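Residue strings, one per chain:
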Amino acid sequence: MSGKIIDGKEIANSIHESLKNEIEELKSKTDKVPGLAVILVGDDKASHKYVSMKEKACKKVGINSVVYRLDANTTEEEVLELIDKLNKDEDINGILVQLPLPNGIGEKKINANILPSKDVDGFHAVNTGKLFLGEEGFLPCTPKGIIKLIKSTDIEIEGKNAVVIGRSNIVGKPTALLLLRENATVTICHSRTRNLEEHIRNADIIVSAAGVADLVTETMVKDKAIVIDAGINFKDGKLVGDVDYINVKKKASWITPVPGGVGPMTIAMLLENTVEAFKKKWS
Ligand SMILES: Nc1nc(=O)c2c([nH]1)NC[C@@H]1CN(c3ccc(C(=O)N[C@@H](CCC(=O)O)C(=O)O)cc3)C=[N+]21
């Protein structure tokens, strides 16, 4: 039997629907709507596309989004000044600085200057620290979405072997921590891992966030594994993940496609975090 598809787009759409209703209700109570500021520096094509998608999603659910498209020679100081202004702006509940940033603008410095209470990306050290400690804070959008995708299958995470491929601060590391919070037995694999195949073959849950097309193949995957593909790669001009989808799907119990899996959930979680930030302030 071939694996079932976890439809990230559909799940994201149902989250949009309930956020939309919630925002309407909040609006009638507070006479305000959540506000998200997005800062995009430079002319990276993919970044422009992603930011437009975020803008569109905000509009759909009733979040007021304000996008700052700054040219590539904007200085770090100028971005920090804008962040400072947005930190003080009562109508802005969430601030997102699109990555990657051009050379000369330090990601660490930028993230450190966003108020933790407006850090809807969950990249500030206060929020990553809370994640580490198991305290409540903003969770990074992709990892948060990945857990929701796994939970949508109704298969229990507790006690399962989970393998995360990739150790980035944005996806791999936080996803591993969230799986641990769900009581999985977690292994983090990365570019220096010697016996990757052996680890993957043991996994009931595989999350790949390596950025390597066709990294995860059918022979590596345990029968009935859940496979979550957080890879973003281009192969023959087409967007693909890290997983050889067509073949791995035959073995998996559940699998996310690319596109239409983790990507749409990342945006849904950004909207959710923005509403959460609004509620913490006003209700
Ligand atoms: N501060 C910051 N926060 C981010 O969350 C952030 C970022 N910087 N920089 C870039 C990455 C990447 N990212 C994606 C979000 C949605 C899709 C998405 O919806 N993708 C569609 C396909 C889109 C297409 O056709 O290219 C899908 O997978 O179905 C992809 C990638 C957010 N990121």
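Looking at an unreviewed UniProt entry, the chain carries the name Bifunctional protein FolD, with the source organism given as Caldisalinibacter kiritimatiensis. Regarding the chain, the relevant UniProt record gives this comment under Subunit (unreviewed entry): "Homodimer." Checking UniProt for the chain, the heading Function (unreviewed entry) contains the comment "Catalyzes the oxidation of 5,10-methylenetetrahydrofolate to 5,10-methenyltetrahydrofolate and then the hydrolysis of 5,10-methenyltetrahydrofolate to 10-formyltetrahydrofolate."

Hey, could you go over the packing of helix α1 (residues 8-30) against helix α2 (residues 45-61) for me, with residue numbers and the actual values?
One can describe the packing of α1 onto α2 by two numbers: an axis separation of 8 Å at closest approach and a directional angle of 55°. Put simply, α1 runs oblique to α2. Residues H16, L19, K20 and I23 of α1 lie in contact with α2, whose contacting residues are A57, K60 and V61.

Requested: an account of the site of the ligand, with residues and values cited.
The ligand sits among 16 residues. The nearest are L99, P259, G260, G263 and T266. At the level of elements, α2, β4 (94-97) and α10 (262-282) are the ones that each hand at least two residues to the shell around the ligand. Sort the elements by how many residues they give to the shell around the ligand and α10 lands first, with four residues. A per-class count over the shell around the ligand returns eleven nonpolar, four polar and one charged. Looking at the shell around the ligand, you find at least three residues from each of domain 1 (30-115) and domain 2 (141-263).

Tell me about the domain arrangement of the chain, and please be specific about residues and values.
For the chain, the domain assignment lists domain 1 (30-115) and domain 2 (141-263). Computed over C-alpha atoms only, the centres of domain 1 and domain 2 are separated by 29 Å.

Quick rundown of the UniProt feature "domain: Tetrahydrofolate dehydrogenase/cyclohydrolase catalytic" (unreviewed entry) in the chain? Include the residues and the values.
Annotation from UniProt places "domain: Tetrahydrofolate dehydrogenase/cyclohydrolase catalytic" (unreviewed entry) at residues 6-121. In residues 6-121, helix accounts for 52% and strand for 16%; the two terminal C-alpha atoms are 24 Å from one another.

Please give an account of unusual backbone geometry that cites residues and values.
Cis geometry is adopted by the peptide bond preceding P100, which originates at L99 and carries an omega value of 0°. Tracing the backbone through its elements, the reader meets P100 in the loop between β4 and α4 (107-113). Of the consecutive residues V258 and P259, the connecting peptide bond is found in the cis state with omega at 0°. Looking at the secondary structure, you find P259 in the loop between β11 (254-255) and α10. Although it is not a glycine, K224 adopts a positive phi angle of roughly 70°.

Could you give me a rundown of the packing of helix α6 (residues 141-151) against helix α7 (residues 172-181), with the residues and numbers involved?
Helix-helix packing is described using two parameters, namely the angle between the two axes and the distance between the axes. For the pair α6 and α7, the least separation of the axes is 8 Å and the interaxial angle reads 40°. The orientation of α6 with respect to α7, classified from their angle, is oblique. For the pair α6 and α7, the sense of crossing is right-handed. Residues P143, I146 and I147 of α6 touch α7, and the partners they reach there are P174, T175 and L178. For the contact of α6 with α7, the residue count by class is five nonpolar, one polar and no charged.

Here is what the cut-offs are and how they apply
- In this numbering scheme, every chain counts its residues from 1 along its sequence in written order.
- Per-residue local features of the predicted model are confined to residues with pLDDT of at least 70, and side-chain atom pairs are confined, for both listing and counting, to 80 or more; whole-chain, interface and lining totals are unaffected and use all residues.
- UniProt positions are given in the numbering used here, feature names are shortened, and annotations may be inferred rather than shown by experiment.
- With axes taken as lines fitted to C-alpha atoms, and helix axes fitted only over the stretch in contact, angles between N-to-C directions fall between 0 and 180 degrees.
- Every helix listed is a DSSP run of H or I at least four residues long, and every strand listed is a run of E at least two residues long, numbered separately from the N terminus.
- Any angle that is under 35 degrees is reported as roughly parallel, and any over 145 degrees as roughly antiparallel; angles of 65 to 115 degrees are reported as roughly perpendicular and all others as oblique.
- By the convention adopted here, residues make contact when the C-beta atoms placed from their backbones lie within 7 Å.
- As a rule, any residue with its backbone-derived C-beta atom within 6 Å of a molecule or strand is reported as near that molecule or strand.
- By the convention adopted, Pro, Cys, Tyr, Trp, Phe, Met, Ile, Leu, Val and Ala count as nonpolar, Lys, Arg, Asp and Glu as charged, and the other residues, Gly among them, as polar.
- Where each domain begins and ends is defined by an automated method or by a domain database.
- We call a crossing left-handed when the near helix sits turned anticlockwise from the far one by less than a right angle, and right-handed when that turn is clockwise.

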